[in-house]
Every structure is written in structure tokens, then in C-alpha cells.
Amino acid sequence: FSLSSLIAWHAMATVVVDEQSSDKGTANDTTDATATAEGDAGDAGDAGDERRATKRARQSSKRKVAKKALVLSATVFPTPLLPVGQKTFICEGNSCDLVRRVLVHWGWTESPADRPTACRLKWTFRSRDAEKSVLEPWQLINHFHGSYYLSNKAFLGQCLRCCPCCSKFFPRQYDLRDAWGMRCFLRDFVLTAAEQVLRGLVPSQPSGITGISPKEVALRVLKRHKEWSKGHADRPERLLRCPHETAVLLGRGCLLPRKISMHQRVHVDVFLSRSMSPECPVCREDPVIPGGEDSPYQQQHLDGPQNIWALKEPCVQRGKGVTVLSGLAQLLEDYEQHRATGQGRDCVAQKYIERPLLVAQPYGRAKCDLRVWVLVLDWNPLTAFVHPEVYFRIATRPFEVDSMEPKAHKTNCRDNENRIPMKALFESLDSGCSERWKTRTWPRLLDAIRASLLATRCTMAPTARSAAKAFELFGLDFGLDESWQPWLLEINTSPCMLDDCKGDYEEEIKAWAWEATESLLKLVLAVNEGSWKLPNFADLQQKEAESDAGPVEREPVERLFEEEQVEHPHCLSQMVRSVPACLASGLSLEGPCGRWRLILREKALDEMSLRQAHEALQRRIFQGISAKETSVSKLLREWLLPSEEEPISNQQALRRMSKTCSKMSLKRATSQPACLRSTKGTSTINFRTIPLKAGTLEF
């Protein structure tokens with residue numbers, strides 16, 4: 001049968017089934033409803049009730065019959081399959097106009113969105129549509145199942161945190177949604193502040209009532225961290241042990257957020273009163289070893305004098321929900337506002353690049369970052385392409401470390417067009433930047449992409465299976481420091497296709513986007529239709545051996561991971577170094593690839609290996625996280641309100657509290673179950689004993 005005859009036969013059969021089901025269902029439902037209505041009318045004695053009941057029964061029966069007929073028509077008379085060569089497509093959501101124009105230029109026809117089974121290719125903006133769409137094996141869709149996890153900053157950070165090699169390209173990041181992530185963030189913030197003092201980024205003049213210098217406090221902090229990391233059970237984890245050390249290193253006053261400090265008013269008053277006392281056993285007895293300690297972090301290119309961090313919402317893209325702040329008090333206050341807006345503590349803290357690459361602009365020197373397009377054809381075997389032409393985004397305000405202007409730190413937040421092609425940017429810089437990009441930045445950036453994809457492969461490969469054949473285009477954002485070292489910021493699904501680009505480079509950027517999109521679609525269709533074959537891992541190794549034996553010498557490039565680096569069973573650097581050298585800067589293949597370059601072509605793994613790798617990843621993610629983790633409020637109190645080991649009596653606590661609190665505030669604070677509990681029938685207050693690692697502190 002022809003396609004038109006099959007569609008006409010299906011429509012006639014559906015109408016017949018609808019009429020038969022409607023007649024039969026209406027008769028049965030009307031009889032039952034009429035009997036019920038007659039009983040109601042007899043009891044009520046009103047004939048109008050019978051007519052209304054019959055009308056309602058008929059309306060409900062029509063809805064039921066229509067639903068049954070739809071299910072019956074879908075099972076008995078399925079939609080006819082279209083041939084593989086059918087040139088039809090569906091585009092849904094934003095940022096799909098460029099794909100639509102390319103396919104229409106080829107002579108393809110757009111199908112209605114309500115008929116997903118009548119298209120060869122479905123391009124959708126929402127990545128979760130891959131799980132909702134019911135497609136056939138010969139159809140194509142531009143998202144894998146579960147690909148939205150890669151755009152989740154918390155998930156990406158958990159996968160990359162499992163390997164210490166990722167610290168070479170991924171800034172330190174902590175998930176503040178749990179107490180364990182907050183604990184790691186506080187330790188990092190205090191250690192970074194101590195490193196700034198020892199490196200001379202901040203002044204080290206003696207200050208405070210006790211006269212201790214910031215250098216002394218920094219040496220104590222690094223010494224305590226070294227002792228704690230070696231597993232000394234008699235050493236508490238807290239790096240700051242008294243109010244004077246906290247004031248010298250982090251600033252004076254209470255650093256707790258406003259809402260948490262209201263509930264911890266007793267401890268805040270004790271902390272503030274002891275910070276004004278010159279007698280401190282910690283400052284007097286704690287020894288200081290001369291000489292510095294080794295830094296626990298190897299990301300000194302990110303650190304600066306302000307200790308700036310970026311708070312990000314995990315599931316939000318395009319610069320939304322990102323706040324750049326300096327100072328622990330401001331960071332915690334913004335962190336608390338996430339919970340106040342109904343989002344919970346749904347944010348991650350990522351170290352900000354305080355010494356970025358700056359580009360001269362008419363309004364001053366501004367920071368910049370870049371976006372690179374990555375095409376993943378399969379997760380098992382992992383196959384990835386990258387487009388060598390990236391585009392940069394320049395901030396629309398001059399970069400100043402002391403200023404927290406959003407448009408100076410976020411390139412996505414702009415008031416005019418700030419996207420610029422790579423060649424145009426290199427022409428405005430010094431003459432050696434092009435060679436530096438080719439031999440250093442670009443190979444390291446590709447190694448960072450490989451490590452990111454390999455880190456998430458065991459999670460994506462089992463969930464990426466679906467009836468339809470899938471592929472996906474990702475947009476990876478990288479920041480550059482002053483030494484042209486790339487740092488991965490985030491991974492975006494459904495990146496902007498540059499349809500809204502304007503300004504001086506509008507034609508050049510849109511021409512680049514057209515070429516990249518057209519060659520991407522040609523490559524995907526050729527691979528899935530079998531008209532062009534990709535080289536496998538063995539072919540690439542053979543090609544590598546032939547090139548090594550030949551007279552042609554490759555230009556030396558700097559790789560991200562060194563040969564002498566310490567490895568462990570799940571080391572990503574070892575996987576990246578095992579990639580054939582012909583893929584180091586991307587391999588240009590003949591055929592429909594256009595300018596896309598192959599950067600990954602791994603061996604296929606069996607299902608058991610993927611399952612074991614996924615279980616090992618989960619164990620590494622939750623390693624060190626205790627099931628009996630304390631609350632965030634108590635954790636902040638222990639770290640930011642340190643005090644000596646002397647116990648405080650009930651009378652002293654009440655006396656100090658009554659001096660600064662009104663009666664209503666006193667009643668509210670003493671009624672908190674986390675700190676205080678009043679007894680029945682008496683006017684006294686029983687304070688709990690709070691256990692600490694270094695002892696107990698009685699209230």
C-alpha cells in the first residue's frame with residue numbers, strides 16, 4: 001500500500017471504532033444513569049433532577065468512550081512506519097530556528113509537533129523530552145536519556161571531585177546542600193585565607209586585643225590542618241580555636257547569617273564578649289612552629305587577595321542564579337537567602353578565578369571566557385567531536401577585584417553584544433597569543449573535555465539507551481587565567497545557536513554557526529544511515545603506529561596531565577593519556593565531518609563493567625560523608641563561634657543574654673529546642689551539654 005492509502009485506511013478504521021464504542025458505551029452508561037436518576041427523582045419528587053442526572057451521565061460517558069477509543073486505535077491500528085529516507089523533522093522549543101532553516105534549505109519538510117512518529121529527526125530544546133518521546137529505532141533525537149544531569153553543577157562536581165587530577169582544570173567546588181559540603185567549604189575558605197597571608201597578598205600587621213599577627217594565625221591554621229589530615233584523634237577539626245584568631249583572619253564580629261544568629265543568640269553573645277577579653281589561653285599557650293606549611297590545594301592561579309567565591313544554583317544555566325561575592329559573612333548571607341526564597345539551600349560554591357585573562361576594551365581591561373561546541377555521538381563506545389572554532393565573550397564592565405559589579409564578573413550578564421570570534425580576539429592581542437593557543441591552551445582544553453566526558457561515562461552510558469538513536473550537542477564554558485590555562489566552569493545542554501547575535505561580528509559569527517550546524521547534521525545522518533563509517537579504536541592505534549614510523553614529525557604540544565603524575569585505580573589522567581596521540585589536537589577526518597574534529601573514540605565496554613564502574617563512582621562520591629552528620633546551624637556555630645574550653649554556667653549565660661535581648665527575643669531564643677529547653681513548673685532553664693571533638697562545652 002502507498003503511504004496515503006495507509007493513512008486513509010487508518011483514519012476510517014478509527015472513525016468506525018469510535019462510533020461503535022460510542023453507541024455501545026452511551027447506551028450502557030445512559031441506562032445505568034437513568035436508573036439512578038429515576039431513584040433520585042422518586043425520592044426528591046422532582047422531575048428536573050432526572051433530566052439533569054441523565055445529561056451528566058451522557059457527558060461523562062462521551063469522555064470515557066473517547067478515551068477508550070484512543071487507546072484501542074493506538075493498539076489495533078498503529079501508525080504506519082515511514083521509510084528511513086523520509087526527509088521530515090520536528091523542531092520544538094527555543095534556539096531551534098537555525099536547525100529549521102538548515103533542514104528546510106536541504107528540502108526537508110517540518111512535521112507537526114503532535115505527530116512525533118512521523119518524522120526522521122526530532123530536535124528539541126528541552127533535554128528531558130528524550131524520556132517523554134516515544135520514537136522508533138530508525139528515528140533520531142538530539143538528546144540522550146539523562147543528559148540533563150551533565151548540566152547540573154552539583155552532579156558534575158561530584159563526578160570530577162572523585163579524581164584529584166581534575167584539580168588541574170576544574171575549580172574547587174562544594175555542594176552546600178548538605179552539612180558535609182558546608183564543612184569542606186569552611187575548611188577551604190579558612191585555609192585559603194591563611195595562604196593569602198603567608199604569600200603576602202594581605203598585610204600581616206599585629207592586630208586585636210591580644211596582639212597576635214595574621215601570620216601567626218595562618219601558621220597555626222596550616223599546622224592544625226596538617227595534624228588533622230594525618231588522622232590525629234586527639235586533634236579537633238576546627239582550624240580556628242578562639243575569637244581572636246577568627247577576628248584576625250576572617251574579620252571582626254559575628255559571621256553567622258542573620259536568621260541563624262538569632263537562633264544562636266546565647267553563643268553569639270558569649271563569642272562577642274570573649275573576643276573583647278585580653279585573656280585567652282589559646283593565644284597564650286598554642287605554640288607556633290616557625291616556617292610555612294605546604295599548601296593543601298594546588299590551584300594558586302585561582303587565588304587572589306580577596307578570596308572570592310561564586311555561589312551558583314545547580315540546575316540554572318546562562319548565568320542565572322550566579323552570585324560573585326567576597327567575605328565569608330556575605331557568602332553565608334546569600335546562601336541563607338536561597339533557603340528563604342523556597343529553594344532550600346540549593347547552591348554550590350565554586351572558587352572564582354581572581355587573576356583572569358584581561359582584554360583591553362574602550363571602557364577598560366575586562367575579563368573574558370569562551371564556549372566550545374562538543375558533539376557526542378555515543379556513550380558506549382564513547383565518541384566525541386569538537387569544533388575548532390570557538391567564540392569568546394567579553395564582560396561589559398572593567399574587571400576590578402574590589403568591585404562586585406555583576407556585569408564585570410559574569411559574561412552572560414550583558415547590556416550589549418559581547419560575543420567575538422576567536423580570530424578577531426587574537427588580532428587585538430599580542431602577536432604570540434595565536435601560537436600560545438595552538439600549542440598550550442587548545443591541547444589542554446581538549447584534555448579537560450576528555451576527562452569530563454570520561455568521568456561521567458559510567459553514569460550516562462546505562463541511561464542513554466533508548467529506542468531511537470540519539471546524539472547531543474553540548475556547550476562547555478571555560479575561563480582563562482592570566483597564564484592562558486583553561487578552567488572548566490560548566491556544561492550546558494542545548495547551547496545557544498547564536499540566532500540572536502548582533503553587533504560588529506554578526507555576519508561572521510552567524511556564518512560560523514551555519515557551517516557548524518550544517519556539518520553536524522551531515523555527520524549525524526551519515527553515521528546513523530551507514531553511508532560513512534567512523535574509525536574504531538584499533539584503526540586509530542594502527543594509524544598512530546604508521547605515523548610514528550613515517551618521516552612526518554608532529555608539532556610538540558603541552559598536555560594537561562604529566563607522565564610522572566601519581567595515579568590511582570580510577571585516575572582520569574591515565575585514561576586521557578591512553579588516547580592516541582593523533583587525537584591530541586583533534587583529528588580531522590574526510591567525508592561529512594566538515595571542520596569537526598574527532599577527540600575521543602574509546603573501546604566499547606560490557607554492561608557488567610559499566611555497572612561496576614558506576615558503583616565505584618557512587619562509593620567515591622559518598623566517601624567520607626557520615627550518616628550522623630550534624631546540622632548546618634550547629635556546624636556553623638562550631639566553626640565561626642569558637643571559644644576556649646572553659647564551661648559557661650547557666651547564670652552567666654542568662655545574664656549575658658538578658659543584657660542584649662528584649663523580653664520577646666529572650667523568650668524566643670530560650671524556647672529553641674536546638675539550644676535551650678525550659679522545664680515544666682519552674683522558671684529555670686536547663687542548658688544542654690554540646691559534645692565537641694576537643695571536649696564538652698556545658699551551657
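Structure: see above.
In this text the structure is predicted, and so the values were computed from the model without any measurement.

(A) Examining the packing of helix 6 (residues 179–198) against helix 7 (residues 214–229) more closely. The interhelical angle for the contact between helix 6 and helix 7, taken along N-to-C directions, is 135°, at an axis separation of 9 Å. In terms of orientation, helix 6 lies oblique with respect to helix 7. Relative to helix 7, the crossing made by helix 6 is left-handed. Residue-level inspection shows Arg-187, Val-190, Leu-191, Ala-194, Val-197 and Leu-198 of helix 6 in contact with helix 7, the latter providing Pro-214, Lys-215, Ala-218, Leu-219, Val-221, Leu-222, His-225 and Trp-228. Here the contact of helix 6 with helix 7 is built from residues that sort into 11 nonpolar, one polar and two charged.

(B) Examining the pattern of salt bridges more closely. Taken as a whole and judged by the stated rule, the model has 26 salt bridges. Ionic pairing is found between Asp-97 and Arg-100, a salt bridge with its closest N-O pair at 2.8 Å. Of the two residues, Asp-97 and Arg-100 are both situated in helix 3 (residues 97–105); the distance of three residues between them amounts to about one turn of the helix. Linking Arg-436 and Asp-430 is a salt bridge whose minimum nitrogen-to-oxygen distance equals 3.6 Å. Given a relative accessible area of 27%, Arg-436 falls into the partly exposed group. Among the ionic contacts, a cluster of salt bridges with common partners joins Arg-172, Asp-188, Asp-303, Lys-351 and Glu-354.

(C) Here's a closer look at the sheet that holds strand 14 (residues 469–470). Reading across the sheet, the five strands line up as 2-1-3-4-14 and stay open at both edges, with parallel pairing between neighbours. Strands at the two margins of the open sheet, each flanked by one partner only, are strand 2 (109–110) and strand 14. Bridge analysis of strand 4 (residues 140–141) against strand 14 gives two bridges, and the strand direction is parallel. Bridging from a neighbouring strand, Leu-140 pairs with Lys-469 of strand 14.

(D) Just the packing of aromatic side chains, in detail. According to the stated counting rule, one finds 14 aromatic pairs in the structure shown. Their ring planes at 75° and their centres at 6.3 Å tell us that Phe-144 and Trp-379 sit as a pair that is edge-to-face. Of this pair, Phe-144 sits in the loop between strand 4 and helix 5 (153–161) while Trp-379 sits in strand 10 (residues 364–379), and the two are 235 residues apart along the sequence. Note on Trp-379: relative accessible area 0%, which makes it buried. Plain terms: the ring middles of Tyr-174 and Trp-309 are 6.2 Å apart, the flat faces sit at 40° to each other, and that makes the pair tilted. Residue Tyr-174 is located in strand 5 (residues 173–175), and its partner Trp-309 is located in strand 6 (residues 308–312); the two are separated by 135 residues in the primary sequence. Grouping residues by exposure puts Tyr-174 and Trp-309 together as buried. An aromatic cluster is present here, built from Phe-392, Phe-426, Trp-437, Trp-442 and Trp-484 joined pairwise through their rings.

(E) Structural detail: the pairing of strand 11 (residues 382–386). Of all five residues that make up strand 11, five are buried, and the element is covered over most of its length. As paired elements, strand 10 and strand 11 share five bridges and run antiparallel to each other. When the bridges of strand 11 are listed, Leu-375 appears paired with Phe-385. Of the pairings in the sheet, the one linking strand 11 to strand 18 (residues 597–601) comprises four bridges and is antiparallel in character. Bridging from a neighbouring strand, Thr-383 pairs with Arg-601 of strand 18.

(F) Layout of the sheet that holds strand 6. In space, the four strands of this open sheet follow the order 5-8-6-7, with antiparallel pairing throughout. Sheet topology places strand 5 and strand 7 (322–326) at the edges, where each strand pairs with a single neighbour. Across the sheet, the axes of successive neighbouring strands diverge by a mean angle of 25°, strand direction being ignored. Examined bridge by bridge, strand 5 and strand 8 (residues 348–351) share three bridges and lie antiparallel to one another. Note on strand 8: the bridge partner recorded for Asp-175 is Val-348. Strands strand 5, strand 6 and strand 8 of the sheet are contacted by helix 5, whose axis makes an angle of about 120° with strand 5.

Conventions used here
- Residues numbered from 1 in each chain as written.
- Predicted model: local features only at pLDDT ≥ 70, side-chain atom pairs only at ≥ 80, totals over all residues.
- Heavy atoms only, no water.
- Axes fitted to C-alpha atoms, helices over the stretch in contact; angles between N-to-C directions.
- Helix = DSSP H or I, 4+ residues; strand = E, 2+ residues; numbered from the N terminus.
- Parallel < 35°, antiparallel > 145°, perpendicular 65-115°, else oblique.
- Left-handed = near helix turned anticlockwise from the far one by under 90°.
- Contact = heavy atoms within 4.5 Å.
- Nonpolar A, V, L, I, M, F, W, Y, C, P; charged D, E, K, R; others polar.
- Salt bridge = Lys/Arg side-chain N within 4 Å of Asp/Glu carboxyl O.
- Buried < 20%, exposed > 50% of the residue type's maximum accessible area, 1.4 Å probe, protein only.
- Pairing = 2+ DSSP bridges.
- Phe/Tyr/Trp six-rings, centres within 6.5 Å; stacked < 30°, edge-to-face > 60°.

Read these as spatial facts, not as claims about activity.
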